[in-house]
Amino acid sequence: KKGDVVLVSGAAGATGSVVGQLAKIMGASKVVGIAGGAEKCEYIVKELGYDAAVDYRDESKPMMAGLKAACPKGIDVYFDNVGGESLECALALIRPKARVVLCGGISQYNTHVSQQQGPRTYLNLVTKAARMEGFLVFQFAKQFPGALKDLMQWYGEGRLMQRHDVRTGFENIPKTLQELYTSKNFGKLLLSLEDGADAKL
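Residues numbered from 1 in each chain as written. Predicted model: local features only at pLDDT ≥ 70, side-chain atom pairs only at ≥ 80, totals over all residues. Heavy atoms only, no water.

Caption draft 1: Region of interest: the overall build of the protein chain. Of the regular secondary structure elements, the protein chain holds seven helices and eight strands. Whereas a compact globule of 201 residues would reach a radius of gyration of roughly 17 Å, the protein chain reaches 17 Å, a difference of no more than 12%. Based on the C-alpha atoms only, the size of the protein chain along its principal axes is roughly 55 × 40 × 35 Å. Of all 201 residues assigned to the protein chain, the portion counted as buried reaches 38%. Here the analysis covers contacts within the protein chain between residues at least 6 apart in sequence; of these, 61% occur between residues at least 24 apart. Total accessible area computed for the protein chain in this model is approximately 11900 Å², and 56% of it derives from carbon and sulfur atoms. Charged side chains in the protein chain number 25 positive and 21 negative. The centres of these two groups are separated by 9 Å. (Helix = DSSP H or I, 4+ residues; strand = E, 2+ residues; numbered from the N terminus. Rg over C-alpha atoms; globule rule 2.2 N^0.38 Å. Buried < 20%, exposed > 50% of the residue type's maximum accessible area, 1.4 Å probe, protein only. Contact = heavy atoms within 4.5 Å. Areas by Shrake-Rupley, 256 points an atom, 1.4 Å probe, with all protein chains shown as cover. Lys, Arg positive; Asp, Glu negative; His and termini not counted. Charge placed at Lys NZ, Arg CZ, Asp CG, Glu CD.)

Structure below.
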């Protein structure tokens, strides 16, 4: 909502890149993204309009330090696509009545349940009277027509954009899927079954 400080993990990906732009359109006072690598961080700030970016791969600065610098007064909304350390750090920074949206946990998908990282900071949900809830897009199917209308309008106005990372060739399906889970894609990862320059989306 208007005036919120919003934090998004996986901010350069297919979902996170749109979430950050929508937050700005809806009036967030500040939108901060977590992304992997300097190039992706530069992209979400310079092209997508994020106010700041935190590089979780930057070994010279712990993620928590970067988030505190970017969100010195805490956060009102955290949209999580990653889980693990990102979620733990975000919960440490929530403000009273914050909302935490769990859309994905890609950092944990290929980890055995005995080794998955849970947030040690979850008690902040109690002390801050905050809410954490799972998000499944199909729960909002009745709102699809209105949402599509708004999205198309904003896209047409140049207020909403998305980058496509297109691979080609049926034989590259396994490799492409693996790259999705290792953050080697840049934007929405797609694979065309047609090879060469004539491949169509």
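Caption draft 2: Quick peek at the pattern of salt bridges. With the rule as written, the count across this model stands at nine salt bridges. Taking the shortest distance from any N to any O, the salt bridge between D4 and R99 comes out at 2.6 Å. Of this pair, D4 sits in the segment before β1 (5-9) while R99 sits in strand β5 (residues 94-102), placing them 95 residues apart in sequence. For K46, the salt bridge goes to E42, with nearest N and O atoms at 2.9 Å. Of the two residues, K46 and E42 are both situated in helix α2 (residues 38-46); the distance of four residues between them amounts to about one turn of the helix. (Salt bridge = Lys/Arg side-chain N within 4 Å of Asp/Glu carboxyl O.)

Caption draft 3: How the structure looks around the packing of aromatic side chains. Counted according to the given criterion, the structure contains three aromatic pairs. Residues Y43 and F186 carry aromatic rings whose centres are separated by 5.1 Å and whose planes lie at 85° to one another, so their mutual orientation is edge-to-face. Of this pair, Y43 sits in helix α2 while F186 is found in the loop between α7 (173-180) and β8 (188-192), placing the two residues 143 residues apart along the sequence. Y43 sits in the buried class, given a relative accessible area of 5%. With a centroid separation of 5.5 Å and 25° between ring planes, the pair formed by F135 and F140 is classed as stacked. (Phe/Tyr/Trp six-rings, centres within 6.5 Å; stacked < 30°, edge-to-face > 60°.)

Caption draft 4: Spotlight on the side chain of E88. The residue E88 is located in helix α4 (residues 84-92) in this model. Each residue touching E88, except ones within four places of it in the same chain, is listed here: Q117, G118, P119, R120 and T121.

Caption draft 5: Structural view of unusual backbone geometry. Phi at K97 takes a positive value of approximately 65°, unusual for a residue other than glycine. Relative to the elements of secondary structure, K97 occurs in strand β5. In this structure K97 comes out as exposed when scored by relative accessible area, which is 59%. Phi is positive for A129, close to 50°, though the residue is something other than glycine.

Read these as spatial facts, not as claims about activity.
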